[in-house]
Amino acid sequence: MSRYPDELGEWWTGFPGSDAAAWAAPSPRSAGAVAPAEKGVRGAFSRRAAKHGLVVAPGKRERAKREETAEWRRQTVAAIRAPSLKSGVITLGSGFGGTGKTDVAVTLAAVYAAARPADRVILADSNDDMPHGYIRLGGVPVEALPKDRRPLSIRGFHQACEDGRIKVYADLRDAVAWLQGVAVIRGDTADECVGVDFGEQEYLTVLEFLQCMSNIVINDGGTGLFAKLQVGTLLHGDKYVFVTEASQLGYWSIGQVFSRYRNYHGEKDRPLAEREMKHLNMLMDEATVVVDKFIESDPEQARWHGRICESFEGTRVSVVATPWDQALANRVPLDLGAVADATLDAKLALAEVVLRGVDRANRRRLGLPEDTEHTGDGQRGLDEPPRWHSQPLPPDTGQAAPMAPDIPAQSAAVSPAVSRDTLGDEPYVRIVPAGPAPGQRTD
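Heads up: these notes are all about the structure in this document. Just so it is clear, the structure is predicted and the values come from calculations on it, not from any experiment. (Residues numbered from 1 in each chain as written. Predicted model: local features only at pLDDT ≥ 70, side-chain atom pairs only at ≥ 80, totals over all residues. Heavy atoms only, no water.)

### Observations regarding the packing of helix α3 (residues 60-81) against helix α4 (residues 101-115)
- Between α3 and α4, the least distance of the axes is 9 Å, while the angle of their chain directions is 90°. The orientation of α3 relative to α4 falls into the category roughly perpendicular. Between α3 and α4, the contacting residues are Val77, Ile80 and Arg81 on the first element and Val111, Tyr112 and Ala115 on the second.
- The residue inventory of the contact of α3 with α4, partitioned by class, reads five nonpolar, no polar and one charged. (Axes fitted to C-alpha atoms, helices over the stretch in contact; angles between N-to-C directions. Helix = DSSP H or I, 4+ residues; strand = E, 2+ residues; numbered from the N terminus. Parallel < 35°, antiparallel > 145°, perpendicular 65-115°, else oblique. Contact = heavy atoms within 4.5 Å. Nonpolar A, V, L, I, M, F, W, Y, C, P; charged D, E, K, R; others polar.)

Rendered as structure tokens:
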């Protein structure tokens, strides 16, 4: 059930594009074996020749493309590793269920735990409706465990903090589940929710402990809008990640949620202070919108995705599309080694954009220059042209906060180095007899 951080040495051994990787079998290239061609005429020959135990070597263009992709991944991983965060809180939300919010939450957690092994990454699942984060990271269903062996849920963790049972990091380490290098405070089961309130104050109590004991906290919040807990998670967060889909409903939900939060003043029993309203507006101004389960070849999805991107052009809101992948199907334990390359690259791009936003909030909190970017370790500088356009959706009511004209838009997308264009090859085909390397994927 538990997996402590000091066990990460072996686990972090095959991260794509880095010196040490975690999610795939050792690359045949790194093992000295011949990697089969995948593109153009050579790829077609290679797939047919594989039945006879033969490998068709890639041509110059494909080799150059692979190197370019590998370099892009190395730079992206370096950019994820670069920020020195004392504490950052990422809150995820969505306008309706089924958008892939939990998929995004667990993917970010797994990427950060792998790319930043010296950090303590915590996933807190405060989603009462569908608390699937624990299962998606490979947790054993708690109903199958004796009660004395169950890792703490979010309500149980709060009670442990109140009772003084969580005082130091070792207490937290031993009380929660460790899955894929992530400390997971699971969501409550239905019976654990009965008669136990959990709102903003309880969340704040838990968060104060987590911030003292971790570098990155990822909160998988609830679906919808204005339950006290959902507002509370935003009021105490550094970065808002809104997950939607490329559809009319997905487009509409962004306008509804962003507009409502921009004009939210609290409730009768809990009016917001001016600084809290300013904080909510800042989160909306610098949010990341994730268009998940995106199928580029679907004309309808492509149209709505284009409208989402266009509507955020010129602002600090970033829009990132992440492709649909059967390996990330709902309720399937996360295995990033099984996803397609294009999907993995999109997830890495998303993780880099989100962490850059968290770093900016952290620097602001510490009184440091917010827009200082390190370009030496693979992190992209602010003078680099944006690769994804974004701009705000017109709110249904009220006016969006004015944007400072001198602040460049922050944007993200998969690098052109990893596009799916079919490349040509040399006019000859050289077949090299070779068996597949151990652990080599043949698909």
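### Notes on the packing of aromatic side chains
- With the rule as written, the count across this model stands at six aromatic pairs.
- Grouped by ring-pair contacts, the aromatic residues Tyr240, Phe242, Phe258, Tyr261 and Phe312 constitute a single cluster.
- Between Arg120 and the ring centre of Tyr169, over which it is positioned, the NZ or CZ distance is 3.5 Å.
- The ring centre of Tyr251 lies 4.7 Å from the NZ or CZ of Arg307, which sits over that ring. (Phe/Tyr/Trp six-rings, centres within 6.5 Å; stacked < 30°, edge-to-face > 60°. Lys NZ or Arg CZ within 6 Å of the ring centre and 35° of its normal.)

### A closer look at the nonpolar core
- Formed by 43 residues in total, the largest nonpolar core has its most connected members in Ile90, Tyr112 and Ile218.
- It is α4 that provides the largest number of residues to this core, a total of 10 residues.
- The residues touching Ile90, leaving out its near neighbours within four places in the chain, are Tyr112, Ile216, Val217, Ile218, Asn219, Lys239, Val241, Val354 and Val358.
- Core analysis: the second largest hydrophobic core is formed by 28 residues, Tyr251, Leu272, Leu283 and Val319 among them. (Core = buried A, V, L, I, M, F, W, Y, C linked by side-chain atoms within 4.5 Å. Buried < 20%, exposed > 50% of the residue type's maximum accessible area, 1.4 Å probe, protein only.)

### A closer look at the packing of helix α6 (residues 154-162) against helix α9 (residues 200-213)
- Close contact between α6 and α9 brings their axes to 9 Å; oriented N to C, the two are set at 75°. On the basis of the axis angle, α6 is roughly perpendicular to α9. Contacts between α6 and α9 pair Ile154, Phe157, His158, Cys161 and Glu162 from the former with Glu202, Thr205, Val206, Phe209 and Leu210 from the latter.

### Describing the pairing of strand β7 (residues 239-244)
- A large share of β7 lies buried, amounting to six of its six residues.
- Neither face of β7 is left uncovered, since the one carrying Lys239, Val241 and Val243 and the one carrying Tyr240, Phe242 and Thr244 both have all their residues buried.
- Alignment of strand β2 (residues 88-94) against β7, held across five bridges, turns out to be parallel. Considered in β7, the bridge of Ile90 is made with Lys239.
- Examined bridge by bridge, β7 and strand β10 (residues 288-294) share four bridges and lie parallel to one another. Within the sheet, the bridge partner assigned to Phe242 lies in β10 and is Val289. (Pairing = 2+ DSSP bridges.)

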